[in-house]
Amino acid sequence: RESWASDSSDSVTSSGSDSDSHLYKVMLLGEHGVGKTSLARIFGGVEDCPDVEEAGNTYNRSIIVDGEEASLIVFDIWEQDDGQWLQNHCMKMGDAYIIVYSVTDKVSFEKASELRIQLRRARQTEDIPIILVGNKSDLVRSREVSVDEGRACAVVFDCKFIETSAALHHNVKDLFEGIVRQIRLRKDSKED
Ligand code: GDP
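Model, not experiment: these values are computed from the prediction.

A.B. asks: With reference to specific residues and values, describe the overall build of the chain.
C.D. replies: Looking only at helices and strands, the chain features five helices and six strands. What you see in the chain, going N to C, is helices and strands ordered as β-α-β-β-α-β-α-β-α-β-α. Relative to its full complement of 192 residues, the chain shows a buried share of 48%. Contacts spanning at least 24 positions in sequence make up 74% of the contacts within the chain whose residues lie at least 6 apart. Within the structure as shown, the chain displays about 9800 Å² of accessible surface, and the carbon and sulfur contribution to it stands at 47%.

Below, the structure written as structure tokens:
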């Protein structure tokens, strides 16, 4: 199991002087059942320490990436409401996006492409970090989407790609660190 550089209890103390103290809003998108909540809960440290408070469907935590602290607030609200309003709002408010599909579910993979298109439309002029995630990589025998298909899709959509297994905690840490790095890359290029 992977361990995080920073404990979730640090999350409230991380503001002010550090250079990356901004709280980044990360939105989880994807079909029902692909593993969004599982990934968010691992990020939030809910599984490691059962007494961590879950504030609804958002998970606030600071992590150390490349020696620097970053605070993320992860929103697992995509499916909270049937109405279109919340989903439109999600498309507008994120600083970064994690689009999740299940490697065992081709339909969820196709849906991920649709979400990417929707997101591009909603944020036309912006270069926002997006990571395409193929979750449930542990379910080898029921795989319907190959690693190559996932990777190719990410190339077409000009975003990053990673396969994860929330069940095995595999690559989950890399996913959230990757989001921080993507955010920083864009921030740095703006400052130059
Ligand atoms: P959500 O609807 O996208 O939030 O998906 P959930 O996180 O609720 O997960 C849906 C179901 O898939 C649950 O039964 C999870 O335990 C299971 N699940 C999530 N991630 C994985 C994974 O990586 N591997 C396996 N085998 N099951 C997973």
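A.B. asks: Residues and numbers for the packing of helix α3 (residues 106-122) against helix α4 (residues 147-156), please.
C.D. replies: Following both chains from N to C, one finds α3 and α4 inclined at 10°, their axes separated by 11 Å at the closest point. In terms of orientation, α3 lies roughly parallel with respect to α4. Along the contact surface, α3 presents Lys106, Phe109, Ser113 and Arg120, while α4 presents Glu149, Gly150, Cys153 and Val156.

A.B. asks: Report on the state of the cysteines, specifying residues and quantitative values.
C.D. replies: One pass over the structure, following the stated rule, counts zero disulfides. Summary of cysteine pairing: cysteine 90 is not part of a disulfide, and the nearest cysteine sulfur, belonging to cysteine 159, is at 18 Å. Free of any disulfide, cysteine 153 has its nearest neighbouring cysteine sulfur in cysteine 159, separated by 6.7 Å. A relative accessible area of 9% means that cysteine 153 is categorised as buried.

A.B. asks: Which residues make up the pairing of strand β3 (residues 68-75), and what values go with them?
C.D. replies: Most of β3 sits inside the fold, with six of its eight residues counted as buried. Bridge analysis of strand β1 (residues 23-30) against β3 gives five bridges, and the strand direction is parallel. By the bridge assignment, lysine 25 is partnered in β3 with isoleucine 73. Alignment of strand β2 (residues 58-65) against β3, held across eight bridges, turns out to be antiparallel. Bridge assignment links isoleucine 63 to a residue of β3, and that residue is alanine 70.

A.B. asks: Describe the nonpolar core, listing the residues and the values that go with them.
C.D. replies: Judged by nonpolar contacts, the single largest core of 28 residues is most densely connected at Leu72, Val74, Ile98, Val133, Leu175, Phe176 and Ile179. Only β1, α1 (36-44), β2, β3, β4 (96-102), β5 (130-135) and α5 (172-191) provide two or more residues apiece to this core. With six residues, α5 is the largest single contributor of residues to this core. Not counting residues within four places of it along the chain, the set of residues in contact with valine 74 comprises Val26, Leu28, Ala40, Phe43, Asn57, Thr58, Tyr59 and Phe176.

Conventions we followed
Residues numbered from 1 in each chain as written. Predicted model: local features only at pLDDT ≥ 70, side-chain atom pairs only at ≥ 80, totals over all residues. Heavy atoms only, no water. Helix = DSSP H or I, 4+ residues; strand = E, 2+ residues; numbered from the N terminus. Buried < 20%, exposed > 50% of the residue type's maximum accessible area, 1.4 Å probe, protein only. Contact = heavy atoms within 4.5 Å. Areas by Shrake-Rupley, 256 points an atom, 1.4 Å probe, with all protein chains shown as cover. Axes fitted to C-alpha atoms, helices over the stretch in contact; angles between N-to-C directions. Parallel < 35°, antiparallel > 145°, perpendicular 65-115°, else oblique. Disulfide = S-S within 2.5 Å. Pairing = 2+ DSSP bridges. Core = buried A, V, L, I, M, F, W, Y, C linked by side-chain atoms within 4.5 Å.

The values are spatial; any link to function lies outside them.
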